[in-house]
Amino acid sequence: MKGTYCLIIENKKECDLTVGKKGNFHFEKGFYVYVGSALNSLPGRIKRHLSSSKKLFWHVDYLLAAPPTRVIEVVFATGPQKVECAISHNISLKSKEMPGFGSSDCRCKSHLFYFKDSTESIKICKDAFLKNKLVPQDLSQLSLK
């Protein structure tokens, strides 16, 4: 199963994190949307992100390993097309970007976006999928076995 996903991440406490070779990032208390894609195994990728025991590889792994963070929602859509950058662009229009985060392999400014409100972050994420003619789904519609 192939697709694009958004992790909605709650950060309960302002903090600074070193993110691999990217260096130091400052994270405000609030909510973050991380946009990614899985062109091999979407359930496996999402399951990996939700796991607490993993090697730190992607930028988002460093954020998810920080004690004050947790994934509160996952929004995804299946399909063979790579729309990660288009979704990121749509979300960037209504949020604060974290420059250089998660976008090392493309020309986007960022694939991580900050919101003060969880409801707003989820709505804007779902709207970004709809603008790209994709049906947003949540974890209840995905088997992670």
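Scroll up to find the structure this text is about.
Read on for a plain summary of the structure. (Residues numbered from 1 in each chain as written. Predicted model: local features only at pLDDT ≥ 70, side-chain atom pairs only at ≥ 80, totals over all residues. Heavy atoms only, no water.)

For an α-helix the count is 3.6 residues per turn, leaving residues at separations of three or four pointing the same way. With 14 residues, helix H4 (residues 118-131) extends 20 Å from end C-alpha to end C-alpha; this agrees with the ideal 20 Å at 1.5 Å per step. Buried residues of H4: Ser121, Ile122, Ile124, Cys125, Ala128 and Phe129, and no others. All buried residues of H4 fall inside an arc of 165° around its axis, so they share one side. Away from the buried face of H4 by more than 90 degrees, exposed residues Thr119 and Leu130 are located. Following H4 by one or two positions, Lys133 adopts a phi angle in the positive range, close to 60°. (Helix = DSSP H or I, 4+ residues; strand = E, 2+ residues; numbered from the N terminus. Expected span 1.5 Å × (residues − 1). Buried < 20%, exposed > 50% of the residue type's maximum accessible area, 1.4 Å probe, protein only. Arc of directions from axis to C-beta.)

Strand order in the open sheet made by the 6 strands is S6-S7-S4-S1-S5-S8, with antiparallel pairing throughout. With one partner strand each, in any of the chains shown, strand S6 (96-97) and strand S8 (137-138) form the two edges of the open sheet. Bridge count for strand S5 (residues 69-78) against S8 is 2 bridges, and the pairing is antiparallel. Considered in S8, the bridge of Phe76 is made with Gln137. (Pairing = 2+ DSSP bridges.)

In contact at an axis separation of 9 Å, helix H3 (residues 84-92) and H4 are set at 130° when each is read in the N-to-C sense. Here H3 is positioned oblique relative to H4, judged by the angle of their axes. When the axes of H3 and H4 are compared, the crossing they make is right-handed. Contacts from Ile87, Asn90 and Ile91 in H3 reach Ile124, Cys125, Ala128, Phe129 and Lys131 in H4. (Axes fitted to C-alpha atoms, helices over the stretch in contact; angles between N-to-C directions. Parallel < 35°, antiparallel > 145°, perpendicular 65-115°, else oblique. Left-handed = near helix turned anticlockwise from the far one by under 90°. Contact = heavy atoms within 4.5 Å.)

This next bit is on the pairing of strand S3 (residues 23-27). Two strands pair when backbone bridges link them, and strand S2 (residues 15-19) and S3 are joined in this way by 5 bridges, in the antiparallel orientation. Bridge assignment links Val19 to a residue of S3, and that residue is Gly23. Between the antiparallel neighbours S2 and S3 lie 3 residues, among them Gly20 with a positive phi of about 50°.

Let us now look at the layout of surface pockets. In this model, the largest pocket occupies a volume close to 310 Å³. The wall of the largest pocket is formed by 14 residues, among which Tyr34, Trp58, Glu84, Gly102 and Asp105 lie closest to the centre. Within the residue set of the lining of the largest pocket, elements represented by two or more residues are strand S4 (30-38) and helix H1 (42-50). Here the lining of the largest pocket gets 3 residues from one element, more than from any other, and that element is S4. Broken down by class, the residue content of the lining of the largest pocket amounts to 4 nonpolar, 6 polar and 4 charged. (1 Å grid on protein atoms, 1.4 Å probe; cavity = no way out; pocket = protein on both sides within 12 Å on 5 of 7 lines; lining within 4 Å. Points joined across faces, edges and corners; volume = space filled by probe spheres on them. Nonpolar A, V, L, I, M, F, W, Y, C, P; charged D, E, K, R; others polar.)

As a further point, take the pairing of strand S7 (residues 112-115). Side chains Leu112 and Tyr114 project from S7 onto one buried face, and the interleaved Phe113 and Phe115 project onto a second face that is buried too. Direction of pairing for S4 relative to S7: antiparallel, over a ladder of 4 bridges. Paired with Tyr32 across the two strands is Tyr114, which belongs to S7. Bridge count for S6 against S7 is 2 bridges, and the pairing is antiparallel. The partner of Glu97 across the bridge, within S7, is Phe113.

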